[in-house]
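# Structural characterization, general
Each chain, letter by letter, is given below.
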Amino acid sequence: MIATEHDEAGIADVATTNGLIALRNLEAQIDALRSEVALSNPTVDVQIALIESITLRGLILGRVADYELAERDAERLVQSEPANGAALVARARTRSTFHRFLEALNDLAVAERLMPNDERINIERAAIFQALGQYDKAFAVRREAAIRRPSFETFGALAGLCAERGEIAVAEGFYMESRGRYRGVSPFPLAILDFQFGLMWMNNDRLDDARMWFDAARSRVPTYAQAQGHLAEVEAELGEVATAVARLFPLAMSSDDPDYAAQLARILRDAGRVDESRHWCDHAAARYDELVVRHPEAFADHAADFWLTVGGDSDEALRLARLNFDVRKTPRAHELLSRALRANEAAGMTFSSILLPPGDKSQATS
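Described below are features of the structure shown in this document. (Residues numbered from 1 in each chain as written. Predicted model: local features only at pLDDT ≥ 70, side-chain atom pairs only at ≥ 80, totals over all residues. Heavy atoms only, no water.)

## Some thoughts on the overall build of the protein
Short version of the rule: Runs of H or I in DSSP of at least four residues are treated as helices and runs of E of at least two as strands, each being numbered from the N terminus. Here's how the labels work: a residue is buried when its accessible area is under 20% of the maximum for its type, exposed when over 50%, partly exposed in between, all with a 1.4 Å probe on protein chains only. Note on contacts: a residue pair qualifies if any of its non-hydrogen atoms lie within 4.5 Å across the two residues. Using a 1.4 Å probe, accessible areas were evaluated by the Shrake-Rupley method; residue-level cover was limited to the displayed protein chains.
Per the secondary structure count, the protein includes 18 helices and two strands. By its C-alpha atoms, the protein is 75 × 50 × 40 Å across when sized along the principal axes. Taken over 366 residues, the protein has a buried fraction of 49%. For the protein, contacts bridging at least 24 residues in sequence account for 51% of all contacts bridging at least 6. Surface accessibility of the protein: about 17,700 Å² in total, with carbon and sulfur atoms responsible for 54%.

Structural data, given as structure tokens:
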């Protein structure tokens, strides 16, 4: 079944497969690939296809367990095929998912020796450069790719990079160029692009625009967890608390990613629903603790933000913000560390003022 959406200007959008049907198709594809891999001597291409399909399902459904499964499959693949460059690229991608960037770059370096000039290597390397905050390096690679092969993917990658650099007008142009070049029928790539567009507007406080693009992504793929979660965040900011809570509740219940429970806890707290907020805060705290132990580089960022806000632990927030900044020097990482330092300093000042006798503040400010 092909669905045709329309944007708010009334312009016909790209026709794609219904999002719910596409998810069922993805599940069936994963089952079929898993059966093929279970047979003797599966090809490397089939194993990589399974890894990529599981990763996509994890992205759409907000499922950390899928990312972990893909990572384990990629590790096994490289162990069995250590001289296969494509296998190393697949493992580099799963390592990047968990922010193990140096290990991922090492995989790409080995892969490049095995298959020089393979375009996949530069695509993955540019994504890592961007994640590390090395925007000039990432831009050079992405621009060259777009010149050599102008496509939905290359312009979309440029759009996301320019948005992260704060070049909003340029990013918007690349976004629209990317959308105009889409020739597929899967709804997932367009939904992901629309989500990134919404994220750009949200980060620049244009909440109505953010809501429009998050809703476009959610409409195209109703099960897209990140789109639902960020749409709820925008709705709460716009004062639509009941709608935001109703949208977040099933995500907090079903997803093993604690971000949704953390968002729900914060919105409920701000709405004065303290007992409900405490329940979801405890749920998120336990899950963040678990994931930070298993994947510290990947979850330090959001865990630090949680402890800095609804979690209420400035010491833990500062520890994790420092870890995150050690891994990558992005503007967001810098801003998070600055917030954590200020909160930690303010907490220390408050604690000192309680312990010191009235009028004696010298030690508190020394």
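Continuing now.
## Thoughts on the packing of aromatic side chains
Condition: Here a pair means two rings of Phe, Tyr or Trp (six-membered ring of Trp) with centres within 6.5 Å. Their orientation is stacked below 30 degrees between planes, edge-to-face above 60, and tilted elsewhere. Here, a charge over a ring is recorded when the distance from Lys NZ or Arg CZ to the ring centre is within 6 Å and its angle to the ring normal is within 35 degrees.
Counting across every chain of the model gives 10 aromatic pairs. Relative to phenylalanine 214, the ring of phenylalanine 195 lies with its centre 5.5 Å away and its plane at 35°, an arrangement referred to as tilted. One end of the pair, phenylalanine 195, is in helix H10 (residues 187-203); the other, phenylalanine 214, is in helix H11 (residues 207-220), and 19 residues separate them in sequence. Each member of the pair phenylalanine 195 and phenylalanine 214 is classed as buried. One aromatic cluster is present, built from ring pairs that chain together Tyr175, Phe197, Trp201 and Trp213. Arginine 206 extends its terminal NZ or CZ atom over the ring of tryptophan 201, reaching a point 3.8 Å from the ring centre.

## Quick word on unusual backbone geometry
If you check the backbone angles, asparagine 117 has positive phi at about 70° while not being a glycine. With respect to the helices and strands, the residue asparagine 117 is situated in the loop between helix H5 (101-114) and helix H6 (119-131). By relative accessible area, which is 79% here, asparagine 117 ends up exposed. Backbone geometry places aspartate 205, a non-glycine residue, at a positive phi of 60°. Within the secondary structure layout, aspartate 205 lies in the loop between H10 and H11. The exposed category is assigned to aspartate 205, whose relative accessible area is 67%.

## Brief notes about the side chain of arginine 95
Note the following rule: For this analysis, a polar contact is any N or O atom pair within 3.5 Å, provided that within protein one partner can donate a hydrogen and the other can accept it, and provided that sequence-adjacent residues contribute only side-chain to side-chain pairs.
Position of arginine 95 among the secondary structure elements: in helix H4 (residues 85-97). Judged by relative accessible area, which is 9%, arginine 95 ranks as buried. Within the structure, arginine 95 has its side chain in polar contact with the side chain of aspartate 107 (distance 3.1 Å). Discounting chain neighbours no more than four positions away, the residues touching arginine 95 are Glu75, Arg100, Glu103, Ala104 and Asp107.

## With respect to helix H3 (residues 64-80)
For clarity, the cut-off: Residue count minus one, scaled by 1.5 Å, sets the expected span of a helix.
For H3, with 17 residues, the first-to-last C-alpha span of 25 Å sits near the 24 Å given by 1.5 Å per residue. Here H3 lies mainly inside the structure; 12 of its 17 residues are buried. In the core, the buried residues of H3 are packed alongside helix H1 (19-38), helix H2 (44-61), H4, helix H15 (274-294) and helix H16 (296-308).

## Some thoughts on the pattern of salt bridges
Should the charged atoms of two oppositely charged side chains come close, the side chains can pair. Rules: Basic side-chain nitrogens of Lys or Arg form a salt bridge, by our definition, when they fall within 4 Å of a carboxyl oxygen of Asp or Glu.
The full count for this structure, using the stated rule, is 38 salt bridges. Aspartate 301 is the salt-bridge partner of arginine 328, the closest N and O atoms lying 3.0 Å from each other. In this pair, arginine 328 is assigned in the loop between helix H17 (314-327) and helix H18 (331-355) and aspartate 301 in helix H16, connecting sequence segments 27 residues apart. Of the two residues, arginine 328 and aspartate 301, neither departs from the other in class, the shared state being buried. If you follow the salt bridges from partner to partner, you end up with Glu71, Glu75, Arg91, Arg95, Arg100, Glu103 and Asp107 in one network.

## Notes on the environment of aspartate 31
With respect to the element layout, aspartate 31 can be found in helix H1. Judged by its relative accessible area of 46%, aspartate 31 falls in the partly exposed class. Along the chain, aspartate 31 and leucine 50 lie 19 residues apart, while their C-alpha atoms are 8.9 Å from each other.

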